[in-house]
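What the coordinates show
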Amino acid sequence: MRDDRPAGTGVLVVTLLLAALLEVIPLPETANWVRPEWMLLVLVYWVLTLPRRVGVLWGFFVGLYMDVLTGATLGQWGLGFSLGAFIMLLAYKRMRVFTVLQQCAVIFLLVGSVSLLAYLVQEAVGRTLYPPYTILYSSLASAVVWRPVCALLRWVQLRFIVR
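Heads up: these notes are all about the structure in this document. Nothing here was measured: the structure is a model prediction, and the numbers come from that model.

1. A word on helix H5 (residues 76-97)
Compared with the 32 Å implied by 1.5 Å per residue over 22 residues, the 31 Å span of H5 between its first and last C-alpha is a close match. The complete set of buried residues in H5 reads Gln76, Trp77, Gly78, Gly80, Phe81, Ser82, Gly84, Ala85, Met88, Ala91, Tyr92 and Met95. Where H5 is buried, its residues touch helix H3 (38-49), helix H4 (56-70), helix H6 (100-125) and helix H7 (134-159).

Right, dumping it as structure tokens:
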């Protein structure tokens, strides 16, 4: 008898919680602008790896958790992360065959789009906390750390048999 239940949901949650920890580690104000979007990177990895299990709903709830964690406007990151998950679901087959440089470029654009959407939500409610050009810094930092994050999460996936 074969067990067809998905394995490793706990591992997915733990990796997202560790990414949340990296999101809230205190940094100096100048270094805070170049903080990668850790939770979005981990979410994008799991969407690319397990597109039938991790999708837009996961993105929405992870984004809501990010809203609560950072004290942002409720729904701002939920909307952004669900958009990011949706875009990755549309392009996951192409993204898997891209070169490293192409993947980093896609991550730069994706993180930039999600951060811009979050900025626009903040602007709409009158809670702008940072200048808009800082979106580029965190997008670039996320693109730079994308490959090490992929390597680490791939190791976790193989080690704990996440399927």
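2. Some details on the environment of Gly126
Note that Gly126 resides in the loop between H6 and H7. Of the residues examined, Gly126 reaches a relative accessible area of 62% and is grouped as exposed. Sequence separation between Gly126 and Gly80 is 46 residues; the distance between their C-alpha atoms is 18 Å.

3. Describing the packing of aromatic side chains
Evaluated as defined, the whole model comprises seven aromatic pairs. Note on Tyr119 and Tyr130: the rings are 5.8 Å apart at their centroids and 50 degrees apart in plane angle, and the pair reads as tilted. Of this pair, Tyr119 sits in helix H6 while Tyr130 sits in the loop between H6 and H7, and the two are eleven residues apart along the sequence. Judged by relative accessible area, Tyr119 falls into the buried class, the value being 11%. Both rings, one in Tyr133 and one in Tyr137, keep their centres 6.0 Å apart while their planes meet at 75 degrees; by these two values the pair is edge-to-face. Among the aromatic residues, ring-to-ring pairing joins Trp33, Tyr133 and Tyr137 into one connected group.

4. Comments concerning the state of the cysteines
Enumeration over the complete set of coordinates arrives at zero disulfides. Its sulfur unpaired, Cys104 is 8.3 Å from the next cysteine sulfur, which belongs to Cys150. A relative accessible area of 9% means that Cys150 is categorised as buried.

Rules used in this analysis
Residues numbered from 1 in each chain as written. Predicted model: local features only at pLDDT ≥ 70, side-chain atom pairs only at ≥ 80, totals over all residues. Heavy atoms only, no water. Helix = DSSP H or I, 4+ residues; strand = E, 2+ residues; numbered from the N terminus. Expected span 1.5 Å × (residues − 1). Buried < 20%, exposed > 50% of the residue type's maximum accessible area, 1.4 Å probe, protein only. Contact = heavy atoms within 4.5 Å. Phe/Tyr/Trp six-rings, centres within 6.5 Å; stacked < 30°, edge-to-face > 60°. Disulfide = S-S within 2.5 Å.

The values are spatial; any link to function lies outside them.
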